[in-house]
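As a plain string of letters, each chain reads:
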Amino acid sequence: MNNVWGEGMINRPEVSIICCTSNHEPFIREALDSILAQRTNFPIEILAHVNDSTDHTVAIIEEYAKAYPTMIKPLFKSDDRLSKKMDVQQISFESARGKYIALCHGHDSWTDEYKLQRQYDYLEKTKHCVLSVHAGKVVDVEEGKEIAMIAPSKVSRFYQTPELIDGDRVFFALGSMFFRANIVKNRPALFMNVPDTITDYVLILYLSLFGQVHFMRDVMTCSRVARADVITAAMSSNVKNQNFQEVGEWLVQFDE
């Protein structure tokens, strides 16, 4: 195993990692370092998609891009496609050159250096599977303590669309998602420009239409959140009602 490739191989990445980030100055270095620490026998690229940031996130991304110019490609808001109101997530997908796409947001970090290799090997040999996910822990940014575990099952197993529809919007750890890139290159309009609160839920359902989703019980990602934000969201009936309404309205169209 290695994660050092010749220049020719880097120009043909097998996996594109999309790192969407905004105001993640305290965490973005660890996120990028955890990606760069991955041990694989295939080349990767990192697409760092920076949304509006008022801290030093942009400067840090530029620093890493300068250090790894052939591997890290920044996508800033100055991209002309954003002026045309294209779906932000879709811009990243269309920019990806890899056969597979993995997600790692700016507040995530991967905790297993073989994560990418394991998911890559699994999808390579399991042709009916389109999305690989795994368990992840949630850590309070202030205390550094684990406050939740995202794991819908105690064992590794497959999921299909009906179960995912009935599941929670955060059914899987977003930093665990690894999927076939060709499926998301030309998504229908229904699956784009959706409310931010259901973007990843919609993506998971869309992928599930093309094959099975496989969950690995191993914990291989960590996401940092503010405990106060989690508690506020959980207690706010207005937030809950808005989320239910957004999901409900979209699912009616999805069903049709």
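Residues numbered from 1 in each chain as written. Predicted model: local features only at pLDDT ≥ 70, side-chain atom pairs only at ≥ 80, totals over all residues. Heavy atoms only, no water.

Enquirer: Please explain the side chain of H214 as it appears in this structure.
Expert: Mapped onto the fold, H214 is located in strand β10 (residues 212–225). Among the residues examined, H214 registers a relative accessible area of 9% and is labelled buried. Setting aside residues no more than four positions away along its own chain, H214 makes contact with Y122, C129, L131, S132, V133, S156, R157 and F158. (Helix = DSSP H or I, 4+ residues; strand = E, 2+ residues; numbered from the N terminus. Buried < 20%, exposed > 50% of the residue type's maximum accessible area, 1.4 Å probe, protein only. Contact = heavy atoms within 4.5 Å.)

Enquirer: What should I look at first to understand the pairing of strand β2 (residues 44–50) in this one?
Expert: Side-chain positions along a regular strand alternate between the two faces of the sheet. Within β2, seven of the seven residues are buried, leaving the element largely enclosed by the surrounding structure. Bridging between strand β1 (residues 15–21) and β2 involves seven bridges; their strand directions are parallel. Within the sheet, the bridge partner assigned to V15 lies in β2 and is I44. Since β1 and β2 lie parallel, the crossover through helix α2 (residues 28–36) that links them has a hand, and here it is right-handed. Note: β2 against strand β3 (residues 72–75), four bridges, orientation parallel. Within β3, the residue paired with I46 across the bridge is I72. With helix α3 (residues 57–67) bridging β2 and its parallel neighbour β3, the resulting β-α-β unit is right-handed. (Pairing = 2+ DSSP bridges. Right-handed = clockwise from strand over helix to strand, strands pointing away.)

Enquirer: It is not clear to me how the nonpolar core should be interpreted in this structure. Could you clarify?
Expert: Within soluble globular proteins, side chains that are nonpolar generally end up buried alongside one another. The biggest cluster of nonpolar side chains holds 35 residues, and the ones touching the most others in it are I101, L131, F172, M177, F179 and L207. In terms of residue count, the dominant contributor to this core is helix α9 (residues 199–208) (seven residues). The residues contacting L131, other than those within four sequence positions of it, are L123, M177, F178, F179, I204, L207, Q212, V213 and H214. Core analysis: the next-biggest nonpolar cluster, separate from the first, contains 31 residues, A48, I61, A102 and F178 among them. (Core = buried A, V, L, I, M, F, W, Y, C linked by side-chain atoms within 4.5 Å.)

Remember, this is a structural readout, not a statement about activity or role.
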